[in-house]
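The lines below spell out each chain.
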Amino acid sequence: MYISKKRWKTVKITALLENTAARADMQTEHGLSLYVETAKKKILFDMGQTSFFAENAEMLGIDLADVDLAVLSHGHYDHGGGLAVFLEKNDHAPVFIHKDAFLPYYNGTQKYIGLDTALASHPRIVWTEDAYRIDENLRLFSHIPKKIHLDFGSGGLTEKAGDAFIPDDFRHEQYLFIEENGKRVLLSGCSHKGILDIAVQTAPDALIGGFHFSKLPLDEKLIEAAHILNGLPTDFYTCHCTGETPFDFMKQYMDRLQYLSCGMTITI
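Residues numbered from 1 in each chain as written. Predicted model: local features only at pLDDT ≥ 70, side-chain atom pairs only at ≥ 80, totals over all residues. Heavy atoms only, no water.

Focus: the pairing of strand β15 (residues 206-209)
Stage number 1. Residues Ala206 and Ile208 point to one face of β15 and Leu207 and Gly209 to the other, with burial holding for every one of them.
Stage number 2. Pairing of strand β14 (residues 183-188) with β15, which is carried by four bridges, proceeds in the parallel orientation. When the bridges of β15 are listed, Leu186 appears paired with Leu207.
Stage number 3. After leaving β14, the chain enters helix α4 (residues 195-202) and then returns to the sheet as β15, a path that is right-handed.
Stage number 4. Pairing of β15 with strand β16 (residues 235-238) involves four bridges; the strand directions are parallel. When the sheet's bridge partners are listed, Leu207 is paired in β16 with Phe236. (Buried < 20%, exposed > 50% of the residue type's maximum accessible area, 1.4 Å probe, protein only. Helix = DSSP H or I, 4+ residues; strand = E, 2+ residues; numbered from the N terminus. Pairing = 2+ DSSP bridges. Right-handed = clockwise from strand over helix to strand, strands pointing away.)

The structure is reproduced here in structure tokens:
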């Protein structure tokens, strides 16, 4: 169906939860939750670890009961720990989750970092795979071919398979692509599959999300990554697992890199 551009509006994104805060009255934790408003939809992208995202939403005057749909970027606790809270506060929105998101994910072999498996049977979950079209303006995808040979590894994150722990291949990670107002906006939770491949292969006008660089050394490899990203026609709004120190370092080499803290709103 054709939608006249005259009816389209900008995309507005508010950080409900992030590791840092732009306001003193915001709760923070290691996690991410974004509230997205398009011309037709109110979207919740990720829910942090706890109820903090919901408490911050209330402080910001955002009613989670009005959310039309929710997306879980991947099956880790710092993005989906607040799923039960959202399901309690909103009685109708479908939650789009990759079919492998409830598998047992660990940090190494000791710490479980997966989701509450009791929620896997909730009737409002919509299971996705490699690609899912929500509507004419919104789509989800998870398949990112590995093309750029600048591998930062899995960061020690694993999946438990039987009695063995194997490196997480992040097949459960998905990305939300929004086409609105003539703009192409991409939301990524942690970019575990590689921010370079994700950004280069999609080349959006704006990309919002973590780069998963927080534990990396500030060296030539990170400089090379910054140069690759800076060569794209993309405005980057990063947060969470990018890390503040890597952000400051990369900012020296990137013209369109900004940090998105809890309580901040951007309009694209």
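With respect to α4
Stage number 1. Within α4, six of the eight residues are buried, which leaves the element mostly enclosed by the surrounding structure.
Stage number 2. Turning to α4, the residues buried within the fold contact β10 (138-141), β13 (175-180), β14, β15, α5 (220-230) and β16.
Stage number 3. Backbone geometry just downstream of α4 places Ala203 in the positive-phi region, at approximately 45 degrees. (Contact = heavy atoms within 4.5 Å.)

A few points about the packing of α4 against α5
How two helices pack is summed up by the angle between their axes together with the distance between the axes.
Stage number 1. At a minimum axis separation of 10 Å, α4 and α5 run at an interaxial angle of 15 degrees. By the criterion of interaxial angle, the relationship of α4 to α5 is roughly parallel. Handedness of the α4/α5 crossing: left-handed. Contact residues: α4 offers Ile195, Leu196, Ala199 and Val200, while α5 offers Ala225, Ile228 and Leu229.
Stage number 2. Residue classes in the contact of α4 with α5 are distributed as seven nonpolar, no polar and no charged. (Axes fitted to C-alpha atoms, helices over the stretch in contact; angles between N-to-C directions. Parallel < 35°, antiparallel > 145°, perpendicular 65-115°, else oblique. Left-handed = near helix turned anticlockwise from the far one by under 90°. Nonpolar A, V, L, I, M, F, W, Y, C, P; charged D, E, K, R; others polar.)

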